[in-house]
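Report on the structure
Listed below are the residues making up each chain.
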Amino acid sequence: GNERPLVGVWWSCRNDTLFPRWGENSHPNSEVIVFLDAHCEVNFKWLEPLLYRIKQDPKNTVWPVIDVIGLYDFKYNPINGSEMTGGMDLGNMNFIYEVIPRDVFKTVKYPLDPIPSPIMPGGLFAIDKKWFTESGVYDLGMGYWGAENLEMSVRLWVCGGRVEMIPCSHVGHIFNDQSTAPDYVTKSGSKNQIRFAEVWADDYKYLWYQNWGINEATIKNAGDVSDRKKFKQDNKCKSFKWYHENVYPYMKMPDNAAKHPELDLWRG
């Protein structure tokens, strides 16, 4: 029919008070929540394709093609959304863009069809509000910036949802110079990465810990994650090994994986 969902747009300024501000009463009349970084510029007809995919299945969490806006000249540079998707550098526990593998292309019938995305960026996505709450909202113990998108993406997949990139939705984004990031951003990233690893990465976390020399004291400093582990258990969420095999079989493994046959990893 002609009914349109009510949409709440959450403009993220990424500070330590962002996540705790979220609650049941945030955008109380909205059916869908759209998260956008403050340094974004939406393109023509960007919202409708996202809403359509969520209407097809409320457990679809979707993100647009992220075009590049020049940091210094503000020039808008469109990206070919049918070639790249989001992934993870497990050795460094970071988000990366990846060329879509040929095997994934086989599952996409038309060039503008939704593309399954193992990981999504943290600052631009749309999600059904009820599903956002049921799937665990955010890890409120995380800090300013970093790895919240890894945590959310993996959690959505292993707890019964799906993450997709929508090629016909475009939003421009100004990418900051990370080399000039203040120290508290770097520290919060490390804390967030550990919290993600402790809850969702299972045995895979040890590969990153070894690469980066993460010790027990550093893990303890990331805070208590018992409530997130309980959520995972109570909701019968699947393992990271399942995620690797079924969602992200083309994830590049760190070199040290071969040295640890005792770890419970999917090895193809």
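Please refer to the structure placed before this passage.
Residues numbered from 1 in each chain as written. Predicted model: local features only at pLDDT ≥ 70, side-chain atom pairs only at ≥ 80, totals over all residues. Heavy atoms only, no water.

**Thoughts on the nonpolar core**
For clarity, the cut-off: As used here, the term nonpolar core means buried Ala, Val, Leu, Ile, Met, Phe, Trp, Tyr and Cys residues forming a set that is joined through side-chain atoms within 4.5 Å. Partly exposed residues are those whose accessible area sits between 20% and 50% of the maximum for their type, while under 20% is buried and over 50% is exposed, using a 1.4 Å probe and protein chains only. Note on conventions: DSSP H or I runs of at least 4 residues are helices, E runs of at least 2 residues are strands, and numbering of each starts at the N terminus. Any two residues whose heavy atoms approach within 4.5 Å at even a single point are treated as in contact.
With 69 residues, the main nonpolar core has Met 88, Val 154, Phe 196, Trp 200 and Tyr 243 as its most contacted residues. Take this core: its biggest share by element is 6 residues, from helix H5 (residues 148-158). Sequence-distant contacts of Phe 196, defined by excluding residues within four places in its chain, comprise Met 88, Met 93, Met 142, Leu 150, Glu 151, Val 154, Ala 201 and Phe 240.

**What to know about the pattern of salt bridges**
Short version of the rule: Here a salt bridge means any side-chain nitrogen of Lys or Arg lying within 4 Å of a carboxyl oxygen belonging to Asp or Glu.
The tally for this structure, following the rule as stated, stands at 11 salt bridges. One salt bridge in this structure joins Asp 202 and Lys 232, with 2.9 Å as the shortest N-O distance. In this pair, Asp 202 is assigned in the loop between helix H6 (183-200) and helix H7 (205-212) and Lys 232 in helix H9 (residues 226-234), connecting sequence segments 30 residues apart. Judged by relative accessible area, Lys 232 falls into the buried class, the value being 14%. Look at the salt bridges and you will find they share partners, linking Arg 53, Arg 162 and Glu 164 into a network.

**A look at the pairing of strand E7 (residues 94-99)**
Quick reminder of the rule: By definition, two strands form a pair when at least two bridges between them are found by DSSP.
In this structure, strand E6 (residues 84-89) lies alongside E7, joined through 6 bridges in antiparallel fashion. The residue bridging Met 84 from the neighbouring strand is Val 99, located in E7.

**Structural notes on the environment of Ile 115**
As for its position among the elements, Ile 115 is in strand E8 (residues 115-116). Along the sequence, Ile 115 and Thr 85 sit 30 residues apart, while their C-alpha atoms lie 7.7 Å from each other.

**Notes on the packing of aromatic side chains**
The condition that has to hold: Geometry of aromatic contacts follows a simple scheme: Phe, Tyr and Trp rings, the Trp one being its six-membered ring, pair when their centres are within 6.5 Å, and the pair is stacked under 30 degrees between planes, edge-to-face over 60, tilted otherwise.
In total, this model carries 11 aromatic pairs according to the counting rule given. An angle of 45° between the planes, with centres 5.1 Å apart, marks the rings of Phe 240 and Tyr 243 as tilted. One end of the pair is Phe 240 and the other is Tyr 243, both in helix H10 (residues 240-246) and 3 residues apart, which spans about a single turn. Take Phe 240: its relative accessible area is 0%, and that puts it in the buried class.

**A word on the environment of Met 251**
Note on placement: Met 251 falls in the segment after H10. Along the chain, Met 251 and Leu 90 lie 161 residues apart, while their C-alpha atoms are 8.0 Å from each other. The residues contacting Met 251, other than those within four sequence positions of it, are Met 88, Leu 90, Tyr 204, Phe 240 and His 244.

**Focus on the side chain of Asp 128**
Definition in use: Definition of a polar contact: a pair of N or O atoms within 3.5 Å, with one able to donate and the other able to accept a hydrogen when the atoms are protein atoms, and with sequence-neighbouring residues admitted only if both atoms are side-chain atoms.
Tracing the backbone shows Asp 128 in strand E9 (residues 124-128). Separated by 2.9 Å, the side chain of Asp 128 and the backbone nitrogen of Trp 131 make a polar contact.

So far we have only geometry, and geometry alone does not tell us how the molecule works.
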